[in-house]
Structure formats: structure tokens, C-alpha cells
Amino acid sequence: SLDTAKLRLNRVINGTMHKGRMFGNTFGILGLFYAVSESFAQNQLDSTLPDDVSSVIAGLVTGGLYRIAAGPKSIAVGSVMGGIAATVLVLGRNTMKAA
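Just so it is clear, the structure is predicted and the values come from calculations on it, not from any experiment. (Residues numbered from 1 in each chain as written. Predicted model: local features only at pLDDT ≥ 70, side-chain atom pairs only at ≥ 80, totals over all residues. Heavy atoms only, no water.)

**As for the overall build of the chain**
Helix and strand content of the chain: 3 helices and 0 strands. For the chain, the α and β elements follow one another from N to C terminus as α-α-α. Relative to its length of 99 residues, the chain is extended, with a C-alpha radius of gyration of 19 Å against a globular reference of 13 Å. Dimensions of the chain along its principal axes, counting C-alpha atoms only, are 65 × 40 × 20 Å. Look at the contacts in the chain between residues 6 or more apart in sequence, and 48% of them connect residues 24 or more apart. Within the structure as shown, the chain displays about 7300 Å² of accessible surface, and the carbon and sulfur contribution to it stands at 70%. Between the centroid of the 9 positive side chains of the chain and the centroid of its 5 negative side chains there is a distance of 20 Å. (Helix = DSSP H or I, 4+ residues; strand = E, 2+ residues; numbered from the N terminus. Rg over C-alpha atoms; globule rule 2.2 N^0.38 Å. Contact = heavy atoms within 4.5 Å. Areas by Shrake-Rupley, 256 points an atom, 1.4 Å probe, with all protein chains shown as cover. Lys, Arg positive; Asp, Glu negative; His and termini not counted. Charge placed at Lys NZ, Arg CZ, Asp CG, Glu CD.)

Written out as C-alpha cells, the structure reads:
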């Protein structure tokens, strides 16, 4: 085979750049969805809920929005995953504040 070390390295770098771009786009979209959802929740609920609750609501909405094209079952799974991620974020933030 004509696979030299330089050729293999080039393939690894190209694959890494492709995956990195894909992950970057995904996290950018998730961040946008989360920021808009949290801002909307805080604005519409007129600050009647604590920030922690609006953060978890934003996580639920973000997960659902991200998976909306794949159907209702996927929306439910995405919402649960987003809610779990937001809950972990809130608990971590509160733990850091307490320390």
C-alpha cells in the first residue's frame, strides 16, 4: 500500500477538522436555542419563577427544538436530555456558588 506516515497524518487532520466543524455548528445552534429559550421564558413569566427553573425550562425547550425534525418520540427524548443537561448545569452552578 502507498500509505505513508504523511498521508495517514493528513487523513487524520482532515477527519478531525470535519468532526470539529460539525460539533462546533451543533453546539452553536444549541447555545442559540438555549439563550433564546431562557430569555423568552424569563421575559414571558415576568420573573415570577426563579432563574433555576427558567434555566431547566430552557433546557427542555432546547432539546425539543433541536430534535423537532425527527418526530414526536425524538422530541420527547431530546427534551428529557435537554432538561437533564440544564439541571446538571443548575446544580453545578449552585454548588460552585456555595463553595
